[in-house]
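Read off the chains here:
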Amino acid sequence: MLSISRIKTGVKVANWKEAIKAAGEILVEVGSSTKDYVNAMISSVEELGPYIVITPQVALAHARPSDAVLQADMSLVVLEEAVEFGSEANDPVKLVFAFCATDNDSHLEQLGKLAANLNPETINQLAGVSNAEEAVAILGGS
């Protein structure tokens, strides 16, 4: 599901915007989206609130499919220190997944695959990893 090149651990950020930017920049670096998509992910939270914080410790940063998405993909940043997104139920966030999709169907497919792998035990294991290889092993990626 996630490859080593799409995971960064020990990421230092000051706030939720920097956390989304860190996860989104991976998608830009690997050629899956443009910086416009990263900005759209941040704007989405500014407009709609912290709906992307789906469970304790986990945010799923995304925006609508657009021309800024070059191919469907997903990234993960494991933050060095958890940050507040403004979610009363699920803050603070330690894991920020960012995903981009070229259409609504692949968007839903990506969400389904990720949700199937995220349970409290997996989340706690991911929150404690020190490198991308450990995260891939937990998620069963390559």
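For the structure given in this document, a descriptive report is provided here. This is a predicted model, so every value here is computed, not measured. (Residues numbered from 1 in each chain as written. Predicted model: local features only at pLDDT ≥ 70, side-chain atom pairs only at ≥ 80, totals over all residues. Heavy atoms only, no water.)

## Quick notes on the overall build of the protein
For the protein, the helix and strand inventory stands at five helices and five strands. Against the 2.2 N^0.38 benchmark of 14 Å for 142 residues, the protein shows a C-alpha radius of gyration of 13 Å, consistent with a compact globule. Burial status across the protein gives 48% buried among its 142 residues. Of the contacts formed within the protein by residues at least 6 apart in sequence, a portion of 70% connects residues at least 24 apart. When the accessible surface of the protein is summed, it comes to about 6,900 Å², and 47% of that surface belongs to carbon and sulfur atoms. Here the protein contributes 9 positively and 19 negatively charged side chains, and the mean placements of these two sets differ by 5 Å. (Helix = DSSP H or I, 4+ residues; strand = E, 2+ residues; numbered from the N terminus. Rg over C-alpha atoms; globule rule 2.2 N^0.38 Å. Buried < 20%, exposed > 50% of the residue type's maximum accessible area, 1.4 Å probe, protein only. Contact = heavy atoms within 4.5 Å. Areas by Shrake-Rupley, 256 points an atom, 1.4 Å probe, with all protein chains shown as cover. Lys, Arg positive; Asp, Glu negative; His and termini not counted. Charge placed at Lys NZ, Arg CZ, Asp CG, Glu CD.)

## Brief notes about helix α1 (residues 16–29)
Taking 1.5 Å per residue as the helical rise, α1 with its 14 residues ought to reach 20 Å, and the 20 Å between its terminal C-alpha atoms agrees with that figure. Taken residue by residue, α1 has Trp16, Ala19, Ile20, Ala22, Ala23, Gly24, Ile26 and Leu27 as its buried positions. The inward-facing, buried residues of α1 abut β1 (7–11), α2 (35–48), β3 (57–61), β4 (73–83) and β5 (93–100). The distance from a side-chain oxygen at the start of α1 to the backbone nitrogen of lysine 17 is 3.1 Å, and the residue carrying that oxygen is asparagine 15. Downstream of α1 by a residue or two, glycine 31 has a phi angle that is positive, lying close to 85 degrees. (Expected span 1.5 Å × (residues − 1). Polar contact = N/O pair within 3.5 Å; in protein donor to acceptor, adjacent residues only side chain to side chain.)

## Re the environment of alanine 115
By the secondary structure assignment, alanine 115 is in helix α3 (residues 104–117). For alanine 115, a relative accessible area of 51% puts it in the exposed group. Between the alpha carbons of alanine 115 and valine 58 there is a distance of 11 Å; along the sequence they are 57 residues apart.

## What about the pattern of salt bridges?
Tallying each qualifying case throughout the model produces four salt bridges. Taking the shortest distance from any N to any O, the salt bridge between arginine 6 and aspartate 73 comes out at 2.6 Å. Residue arginine 6 is located in the segment before β1, and its partner aspartate 73 is located in strand β4; the two are separated by 67 residues in the primary sequence. Between glutamate 46 and lysine 17 there is a salt bridge, with the nearest N and O atoms lying 2.8 Å from each other. Of this pair, glutamate 46 sits in helix α2 while lysine 17 sits in helix α1, placing them 29 residues apart in sequence. (Salt bridge = Lys/Arg side-chain N within 4 Å of Asp/Glu carboxyl O.)

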